[in-house]
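Secondary and tertiary structure notes
The residues making up each chain are set out below.
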Amino acid sequence: MTLHLQNVGRCIGNQWIVRHLAFQIGNDECLALVGPSGCGKSTTLRLIAGLDPVSEGSIAIGGHDVTKLTPAERSIGMVFQSYALLPHLSVFENLELGLKIRNVQCKDRSIRIQRVLDLLQLSDRASHRPAQLSGGQRQRVALARALIRDPEVYLLDEPMSNLDAQLREGIRPELRRLVLEQQKPTIYVTHDQHEAMAMANKIAIINHGQILQLDTPINLYKNPNSLFVAQFLGRPQINCLKPSDNQIQAIRPEDLKFDDSGLPCRLLSREWLGNTQLLYLASSEGDLRMIMDPSFECPERLFVRWDPQKAFYFDRETGKRIP
Amino acid sequence: MKMNRSIIPLLIIWSLAPLVWQLYTSFCTDQALVMPFAEHAQRWTLAHYQSVLNSDPPFLNYLFNSLFAGVLSTLLTLILALPASYSLSKLNQRTATLIKALLIGCALFPYVLLFLALLEVARFLQLGNSLIALSIPYAALSQPLAVLLLTNAFADLPTELEDAARVEGLTLLQRFRWILLPLIAPAIASTSILVFLFSWNEYPIALTWISDSSKLTLPVAMARIAGSSIHSVPYGPYAAATVLGSIPLILLVMAFQKPIVSGLTSGAVKG
Amino acid sequence: MTTLLLLLLPSMLFMAGVFALPLARYLWLSFHADSVMTGLVAIPNDGANWNRFLNDLRYWQDLGQTLRFAVASVTLELLLGLAIALLLNQPQRGRALIRTTSLIPWALPTTVMALGWRWIFNTPYGPVNRLFESVFGHSLNALGEPSLAWLTTVYADVWKTTPFVALILLAGLQTIPSDLYEAARLEGAGALTCLKKITLPLLLPYLGLALMFRMAQAFGVFDLIQVMTGGGPASSTESIALYAYWNALRFLDFGYSATIMIGSFIILTMMVAIAWVVIATARRRSVVGAPS
């Protein structure tokens, strides 16, 4: 089973929300769509789900063209940012509704619901209303609703953005295991690059409705094709030096080294982060961020140097990478 | 602070004093009404209530007619307004704003000016003297308010709920049944009660459409008593009728004061 | 998109049936004679209705009376309603009681209470006259004197609507975030400044809306007048809606009645348009002057 998008676009009025979307993901793949808010990543998901009409291009699931089909006919499992659980129904009834609509036998329904509740450790919550559940439990119910119909494709729209940071970290490995176990193409939308790197084996960086780069997380980090991608991935953010000759030189904070023959800098501020410390430096080339060992006592004035091989060069006008 | 505390009893007296006077009148004999300070052999009586309840047609008949017209027009209003307001909440901004402006204009319109044309319609289509037919103009006149209130309710629902249901495979009708209607139930309640109150109290159209005395609604029946003559109105029986006619509404207001106020204010906030 | 329009259609058709169609019919009828004289058949009459309308002193007198009624009752309702709402705008017990008692006058059918008022203002037997007599020694003919009768109708309308207006304004007051007042108090603003700079500007949309709706409703006043005074004494309380009603159902002159309605509709539209401009200007000014 594969999900295949060919030159997909959506246009409202005379404005393209997303355009030229093209990728293919297989059974064991999880693709993360990341980008700033309003970049079109959620729209992409809605197009695949069939919630919004496609203006050009085609979408195929397992070789079948589904471009013109309704969401119901596409065999999609989707988890929404707000979980979209019906507040007036219990967990059991929320899971049952979709099966009831599809005329699944009553006995069969109960078995399937019980199985998925067991899988997600929700068995003792079956008769609760969503409002009586914690955020993490609600998220699992939303996931259970997607799993129960055994769909061909999973779409997850910022499924963890409503959870607090600590809970998110706890749920991430569990969610990753569950999704990978299904052996189905999965798309994961998030604005959090860290989450994208943790969950997905491929990441597509989207901006202004276009995919800028689609690759494995490590390749994106090591080999960004544009300034936007370089700045989007990696925290603390990549250092951009003052442009010269229409070129921007960018260097990752961890690649900066102290060297008395290097660029003279002045310490602006420091953040102690536990296992590292982050230094903010001012220099004639612009402000720099630098990662250091936490025990290091930084002087007011210092000199930094970096290996030009590890720096990236971008065109100032287009933001494209210069090899 | 003292002003604040004394305003509440003042407000209650202001609102209820005329009703209390009607209540008092309804139990007084005619002699006691004309000469309240003289000594009377009999001061209190239930005769007014007896005459009202035993009149032809009996007074409860009017209550039933108003109830019937009210319930029917509320149902018809909802059947028309629910799909329309769902549609309005989904239409693009510009069209929706235009239609809403139109609705506000219609809601502002003093509908009493329409009675002549509606009377002609009733004559032409032989709709006079039918409480069922009466609910048609009532439902139509209630559309602006009902559609505006329900559109606000639909627009306030998170769109993801309906998206999730579409992915689950629910058709539009199933979404209405399982998701939309249960979730906007509070708005439906306040809309229904406001439409019901309008229909129950409506006067000019009922006055011109209904002439058969067994089909009169409460407001028209009340006004008929007044119409006889300015000076010889039977105030005792009339006060009894006022009391009887007010009780259902007072109960209704007591039971539904919250949805009434929330309906009225949600209209005001968004309008 | 097509489904959406189909869902909208029935409601819109019903509305067109009761709003647009009657107005079109009135416009057409206003250029025809349609009365007992013509055997209730519409015959074109070359704008004679409109000629009569423009020179109909009774209509213009009624319009003046209707506006007098509308302005007096709506002004009183808004001022009293605002005062009550401000006094009630504190957390307190008995909220449900206040709500219920405020809604009762508004919810009762106008005709029911209109006849009640006739009894209460009755001369000589009503309580108001008895009270007046015992204080001033002579009787008060509240419904028989033209100068008093219209005030009596205004009182009945104010009684019915003031608690209701107060309730709406109270709901508006409760949407104003309390930190605005706290911030103002920190700056040293007094109660009066808070009222002028925070409460009134933020309440203005509610006041404007209440004003427009109440004015339009008062412009079409019918039930109250018809039952309480029948337009009398000597037509001194007659409203335009009542005059149109008499023309249609007492004089059976449908053509002229339709002219009155469409004429009144045009006048009302012009007044609403003017009010709209005034409110919009006031709102723009209040936005500029509002504390940010």
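Some thoughts on the overall build of chain B
Within chain B, the regular secondary structure consists of 13 helices and zero strands. Start at the N end of chain B and walk to the C end: the helices and strands fall as α-α-α-α-α-α-α-α-α-α-α-α-α. Along the longest, intermediate and shortest principal axes, the C-alpha atoms of chain B span 80 × 60 × 30 Å. Residues counted as buried form 56% of the 271 residues belonging to chain B.

With respect to the interface of chain B and chain C
In many analyses, interface size is given as the accessible surface area lost on bringing the parts together. Across the contact, 89 residues belong to chain B and 84 residues belong to chain C. Roughly 7700 Å² of surface becomes buried between chain B and chain C when both sides are summed, with 79% attributable to carbon and sulfur atoms. The largest per-residue losses of area from chain B upon contact with chain C belong to B:W14, B:L108 and B:L113, which jointly make up 9% of the total buried on that side. In this structure, the connection of chain B to chain C is made through one salt bridge.

Some words on the nonpolar core
Counting residues in each nonpolar core, the largest one holds 202 residues, and the members touching the most others are A:L3, A:I76, A:M78, A:L155, A:I187, B:F59 and C:W106. The residues touching A:M78, leaving out its near neighbours within four places in the chain, are A:L45, A:A49, A:L51, A:A146, A:L155 and B:V167. Counting 42 residues, the second-largest nonpolar core is a separate cluster that includes A:L95, A:L122, A:V141 and A:Y154.

A word on the sheet that holds strand β15 (residues 286-292) of chain A
As a general point, the strands of a sheet are linked pairwise by backbone hydrogen bonds and lie either parallel or antiparallel. All names here are of chain A. Spatially, four strands are ordered β15-β14-β13-β16 in an open sheet, and the strand pairing comes out antiparallel. Looking along the sheet, the strands with just one partner apiece sit at the ends: β15 and β16 (301-305). Taking the axes of each pair of neighbouring strands and ignoring which way they run, one obtains an average angle of 50° across the sheet. Pairing between strand β14 (residues 277-283) and β15: seven bridges, direction antiparallel. For Y280, the partnering residue across the bridge sits in β15 and is R289.

Here's the deal with the sheet that holds strand β1 (residues 3-12) of chain A
Residues and elements named next belong to chain A. Spatially, the four strands line up as an open sheet ordered β2-β1-β4-β5, and their pairing is antiparallel. Of all the strands in the sheet, the pair left with one neighbour each is β2 (15-25) and β5 (64-65). With seven bridges joining them, β1 and β2 adopt antiparallel strand pairing. Bridge pairing in β2 places I12 opposite Q15. Where helix α1 (residues 41-49) meets the sheet, its contacts fall on β1, β2 and β4 (56-61), and the angle it forms with β2 comes to roughly 65°.

Some points on helix α11 (residues 240-250) of chain C
Residues and elements named next belong to chain C. Extensive coverage of α11 is indicated by the burial of nine of its 11 residues. Listed as buried for α11 are I240, A241, L242, Y243, A244, Y245, W246, N247 and A248. Looking one or two residues past α11, L252 carries a phi angle of roughly 50°, positive in sign.

Here we look at the side chain of B:N201
The residue B:N201 is located in helix α10 (residues 185-201) in this model. By relative accessible area, B:N201 is classed as buried at 14%. Ignoring anything within four residues of it in the chain, the contact list for B:N201 reads B:P219, B:L249, C:A107, C:L108, C:P109 and C:D223.

Reading guide: rules and limits
Residues numbered from 1 in each chain as written. Chains lettered and ligands numbered in written order. Predicted model: local features only at pLDDT ≥ 70, side-chain atom pairs only at ≥ 80, totals over all residues. Heavy atoms only, no water. Helix = DSSP H or I, 4+ residues; strand = E, 2+ residues; numbered from the N terminus. Buried < 20%, exposed > 50% of the residue type's maximum accessible area, 1.4 Å probe, protein only. Contact = heavy atoms within 4.5 Å. Buried area = accessible area lost by both parts, 1.4 Å probe. Salt bridge = Lys/Arg side-chain N within 4 Å of Asp/Glu carboxyl O. Core = buried A, V, L, I, M, F, W, Y, C linked by side-chain atoms within 4.5 Å. Pairing = 2+ DSSP bridges. Axes fitted to C-alpha atoms, helices over the stretch in contact; angles between N-to-C directions.

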